[in-house]
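What follows is the residue order along each chain.
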Amino acid sequence: MARRYRDAAAKLQQNVHKHLKEIKDLSSSEDEEPYEPSVLEGVFQSYWQGGGDTHMTNRTRNLLEEALSGRSVTCLICIGSIKRADAIWTCDHCHSYFHLSCIQKWANDSINLRSEEIQAPIVIVKRKNIEWCCPKCRTTYSKEEIPHKYRCFCGKTDDPPYHPWLVPHTCGEICGRKISFGDNCKHKCLLLCHPGPCPPCPQTINGICYCGNEQKRVRCSAPKWSCGETCSKLLPCRSHKCENICHEGDCLPCHYTSLQRCLCGGEKAKRPCTDLIWQCSKVCNKKYSCGFHNCLDTCHSGSCGPCPNSGLRTCPCGAIKQHVQCPDSIETCLSTCGKRQEGCEHTCPEKCHKGPCPPCQVMVEKKCHCSTHARSLPCSKDFRCDTKCRGIRPCGKHVCARKCCSGNCPPCEKLCDKPLQCGRHKCTTICHHGPCYPCPRESKIMCRCKETFITVPCGREKYVKPPKCNQKCNIKYKCGHIEENKHSCHFGDCPPCKAVCNKSYEKCDHKCKAQCHEYVIVVFKQVEKPATPWEVQPPKTKVVALDCPPCEAPVTVICFGEHDSELQPCHLASRRCCGRHCNKDLDCTNHKCLLLCHLYSPDSNYPNVPSSCRQCDRECSVPRPAECAHKCPKRACHPGPCPPCEVLERIKCFCAVTEIYLRCRELCAANDETLSCKQQCPKNLACGHRCKKSCHRDSCGENQICMKKTKIHCSCGNLKKEASCNLVRSSEIKVDCDSTCEAKKLAVKCEKEKEEKRLKELEEERNRKELAEYEWKLSGKKKKHREKKMIINEDNRNYVQKYWVPILTIVIVILSGVLYIINFSGV
């Protein structure tokens with residue numbers, strides 16, 4: 001009996017845990033809470049109007065959107081989701097969230113690792129600060145800044161309770177933090193406790209432009225601006241003024257030159273205004289106050305100072321001290337130097353001397369840096385042995401292996417190469433102690449149609465929901481309604497059909513105006529009450545076709561704005577909004593009321609219905625001139641014409657060399673003289689010479705004659721002459737050949753005939769040489785054939801008779817080479 005009871009109790013406990021786990025999973029996988037983007041638009045509307053820094057405003061808005069959207073934030077230390085009720089810590093620099101327990105463990109581990117690195121057998125004279133850093137932005141914090149409490153974003157409340165109607169991890173109070181870090185802004189943030197940085201100050205103050213010539217009301221976060229006029233500030237040269245447009249910061253260096261004196265005032269030179277202080281090459285050579293010595297410094301300003309060779313002086317060892325007056329000087333004494341050597345406790349044994357002491361030569365017993373060997377050496381020499389260190393580096397894996405190591409082994413230089421928590425990549429940092437940093441790479445999570453994606457830390461893909469896609473869904477409905485059911489990409493089943501049924505009723509002539517109900521998902525819930533939690537059955541869904549709703553007789557009712565009448569069920573007949581816009585003219589006379597249909601006078605029967613039109617809050621929609629691409633200066637919608645545009649435009653002149661600054665209204669009425677830079681046109685004429693006109697609109701060749709000198713040659717190219725370019729192009733001037741041209745042609749012809757004759761002789765010599773070589777080869781073959789037939793061959797010829805053919809060939813080759821060299825040198 002007891003065993004059966006234990007088995008039943010164990011099964012009961014197992015089912016209870018399973019049920020609790022399902023409830024927890026169901027609660028943790030709730031859909032993202034919807035929020036209205038118009039709420040944030042209304043909050044930040046005052047920050048965006050009137051200029052100022054929009055970067056910090058957009059950053060705060062993005063963090064608030066992320067907090068309100070319900071998307072889970074990932075802790076980069078444990079790679080887990082940060083829930084709304086979890087205790088967190090926020091970095092002051094990058095404003096990233098981390099679990100409070102994770103950041104405490106991270107900071108303590110970092111400090112322990114730093115403490116192990118500085119431990120060594122030698123004494124450390126300078127104390128090293130031990131710090132820890134943010135896991136994301138690497139901003140350093142001290143040991144005292146390790147968080148111990150869970151605080152809200154503004155830092156006023158400890159352990160803020162979770163509230164469903166507040167932003168997570170906030171206290172619900174006004175932030176109250178100082179908005180700007182400058183000395184001018186004294187305002188505080190008026191938003192409720194919020195994540196991220198405070199937006200720029202939206203208050204208006206009396207601001208001044210950069211050059212100080214104009215004042216107006218501006219945002220406190222941007223108190224200075226450029227007025228568009230010339231700066232005119234006096235430059236450091238005190239001779240010229242800044243010619244740039246009103247700008248931020250210091251003026252650019254002066255690009256003019258002026259006549260300047262050197263430091264001693266002995267020379268004047270024309271130098272750039274950017275180099276005001278300069279020295280000449282003259283030596284000062286003025287007398288000191290002693291009257292015996294001269295100043296040997298180069299050009300300088302002010303007095304030369306006292307004489308360095310007079311006053312209370314001591315010998316080099318300091319044993320004798322006396323007052324010396326120029327031209328006398330103090331010499332070395334006969335005492336021992338006795339100065340303490342640098343780096344040791346011994347004194348200098350030399351006599352009193354000038355200059356630094358020689359190295360210490362006292363023999364002492366010295367140990368090496370690793371304290372393994374000892375040797376008697378001069379005190380000034382360093383002793384290192386060849387013993388390799390067997391200590392373990394701070395990574396705890398590899399041996400130091402340095403020669404004569406002092407015990408403070410350097411960090412390991414090898415790569416860690418351990419697999420990271422994501423399971424895909426390996427650690428690429430230097431070998432280290434303790435766990436590796438999280439994987440720095442990112443992965444993509446795509447929607448169903450693969451068109452939209454988000455990036456998440458590597459290894460968190462299965463814990464993050466897919467992104468919302470704005471592309472159209474491509475799945476077709478079974479009922480056939482396609483145009484009426486356009487919706488965005490999604491996972492799972494499509495939403496119910498939103499088309500009108502439009503089926504005729506059997507008992508009347510009206511048609512069904514209800515939503516399509518041919519394929520409807522119906523949820524069937526459990527009817528019987530479960531006795532135990534594990535008997536709870538989940539609801540079941542089924543696609544069925546529902547009947548049309550009953551038809552009701554229509555009654556004509558006029559809407560609030562008296563635009564139209566509509567048919568309503570008789571028992572529900574009442575005036576209501578027709579769904580159209582009011583369309584009454586607003587005070588601006590440019591737009592109509594965009595509110596939905598409403599009353600024009602108060603009615604006691606409808607106290608909650610508005611009875612007046614809303615004021616116009618749009619921008620000016622009056623068409624701008626064709627040449628102007630800017631918005632109306634008034635921004636808001638207004639009656640009457642728009643004021644002229646004062647925006648400064650930068651355009652190029654006709655020759656595209658110089659940029660011209662004009663107001664937009666001036667640019668619309670500008671002529672060719674205004675748009676010209678008044679400089680010489682850099683383009684070339686058709687003849688190749690530069691255009692002499694000033695910067696102009698039309699082509700360079702119109703109404704212009706090139707008078708520049710150019711050279712013209714005769715037909716053979718022997719004679720040349722200078723003439724005007726226009727006369728040469730119009731063929732009015734020609735150069736005819738004369739007798740010198742004919743003589744030059746005859747000389748060229750004779751030279752050509754001589755060259756042809758020489759080439760012909762070379763060809764004949766080459767042919768004769770080839771014929772001789774061929775005959776020699778032919779005669780050699782016949783001799784070889786006769787020697788095979790003769791049994792006894794006695795040759796009684798002398799050396800010349802036997803080898804006359806090779807000797808003759810060599811002589812011919814030498815003579816032909818000499819002849820070729822002589823002819824070549826003559827040419």
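Residues numbered from 1 in each chain as written. Predicted model: local features only at pLDDT ≥ 70, side-chain atom pairs only at ≥ 80, totals over all residues. Heavy atoms only, no water.

- For the protein, the name recorded in an unreviewed UniProt entry is NF-X1-type zinc finger protein NFXL1, with Pieris macdunnoughi as its organism.
- The UniProt entry for the protein carries the following comment under Sequence similarities (unreviewed entry): "Belongs to the NFX1 family." (UniProt positions renumbered as here; feature names shortened; annotations may be inferred.)

1. Considerations on the overall build of the protein
Part 1 of the reasoning: Broken down by element type, the protein carries 10 helices and 24 strands.
Part 2 of the reasoning: Here the protein holds 827 residues, and the buried ones make up 25% of them.
Part 3 of the reasoning: By sequence separation, contacts in the protein at least 24 residues apart represent 26% of the contacts at least 6 residues apart.
Part 4 of the reasoning: Split by element, the accessible area of the protein, about 59700 Å² in all, is 52% carbon and sulfur. (Helix = DSSP H or I, 4+ residues; strand = E, 2+ residues; numbered from the N terminus. Buried < 20%, exposed > 50% of the residue type's maximum accessible area, 1.4 Å probe, protein only. Contact = heavy atoms within 4.5 Å. Areas by Shrake-Rupley, 256 points an atom, 1.4 Å probe, with all protein chains shown as cover.)

2. Some words on the pattern of salt bridges
Part 1 of the reasoning: Within this structure, the stated rule accounts for 17 salt bridges.
Part 2 of the reasoning: Note that Asp158 is salt-bridged to Arg151, the shortest N-O span being 3.1 Å.
Part 3 of the reasoning: When its relative accessible area of 44% is taken as the criterion, Arg151 is described as partly exposed.
Part 4 of the reasoning: Two residues, Arg580 and Asp564, come together in a salt bridge whose shortest N-O distance is 3.2 Å. (Salt bridge = Lys/Arg side-chain N within 4 Å of Asp/Glu carboxyl O.)

3. A look at the UniProt feature "coiled-coil region" (unreviewed entry) in the protein
Part 1 of the reasoning: Per the UniProt annotation, the sites labelled "coiled-coil region" (unreviewed entry) are residues 2-29 and 745-772.
Part 2 of the reasoning: Along residues 745-772 the backbone is 100% helical and 0% strand, and the end-to-end C-alpha distance reaches 41 Å.

4. Topic: the nonpolar core
Part 1 of the reasoning: Ile77, Trp89, Phe98, Ile103 and Trp132 are the most contacted members of the largest nonpolar core, which totals 34 residues.
Part 2 of the reasoning: Looking at this core, the elements with two or more residues in it are strand S1 (73-75), strand S3 (88-90), strand S4 (97-99) and helix H5 (100-117).
Part 3 of the reasoning: Among the elements that take part in this core, H5 stands out by supplying 6 residues, more than any other.
Part 4 of the reasoning: Setting aside its immediate chain neighbours within four residues, Ile77 contacts Phe98, Cys102, Ile103, Trp106, Pro135 and Pro438.
Part 5 of the reasoning: Residues Val218, Cys227, Cys237 and Cys254 belong to the second largest nonpolar core, which totals 12 residues. (Core = buried A, V, L, I, M, F, W, Y, C linked by side-chain atoms within 4.5 Å.)

5. Brief notes about the pairing of strand S14 (residues 374-378)
Part 1 of the reasoning: Of the pairings in the sheet, the one linking strand S13 (residues 363-367) to S14 comprises 5 bridges and is antiparallel in character. Note on S14: the bridge partner recorded for Lys366 is Arg375.
Part 2 of the reasoning: The antiparallel hairpin formed by S13 and S14 contains 6 residues in its connecting segment, where Ser371 sits at a positive phi of about 60°. (Pairing = 2+ DSSP bridges.)

6. What about the packing of aromatic side chains?
Part 1 of the reasoning: Taken as a whole, this structure holds 6 aromatic pairs when the rule is applied.
Part 2 of the reasoning: Look at Trp132 and Tyr141: their rings are 5.0 Å apart centre to centre, the planes differ by 25°, and that puts the pair in the stacked class.
Part 3 of the reasoning: Measuring from centroid to centroid gives 5.1 Å for Phe560 and Tyr606, while their planes differ by 75°, and the two rings are edge-to-face. With Phe560 in the loop between strand S19 (554-558) and strand S20 (565-569) and Tyr606 in the loop between S20 and strand S21 (648-652), this pair connects stretches of sequence that are 46 residues apart.
Part 4 of the reasoning: Residue class for Phe560 comes out buried when judged on its relative accessible area of 8%.
Part 5 of the reasoning: In this structure an aromatic cluster arises from ring pairing among Trp89, Phe98, Trp132 and Tyr141.
Part 6 of the reasoning: The cationic tip of Lys444 hangs over the ring face of Phe453; the distance from NZ or CZ to the ring centre is 4.4 Å.
Part 7 of the reasoning: We note Lys584 situated over the ring of Tyr600; from NZ or CZ to the ring centre the distance is 4.6 Å. (Phe/Tyr/Trp six-rings, centres within 6.5 Å; stacked < 30°, edge-to-face > 60°. Lys NZ or Arg CZ within 6 Å of the ring centre and 35° of its normal.)

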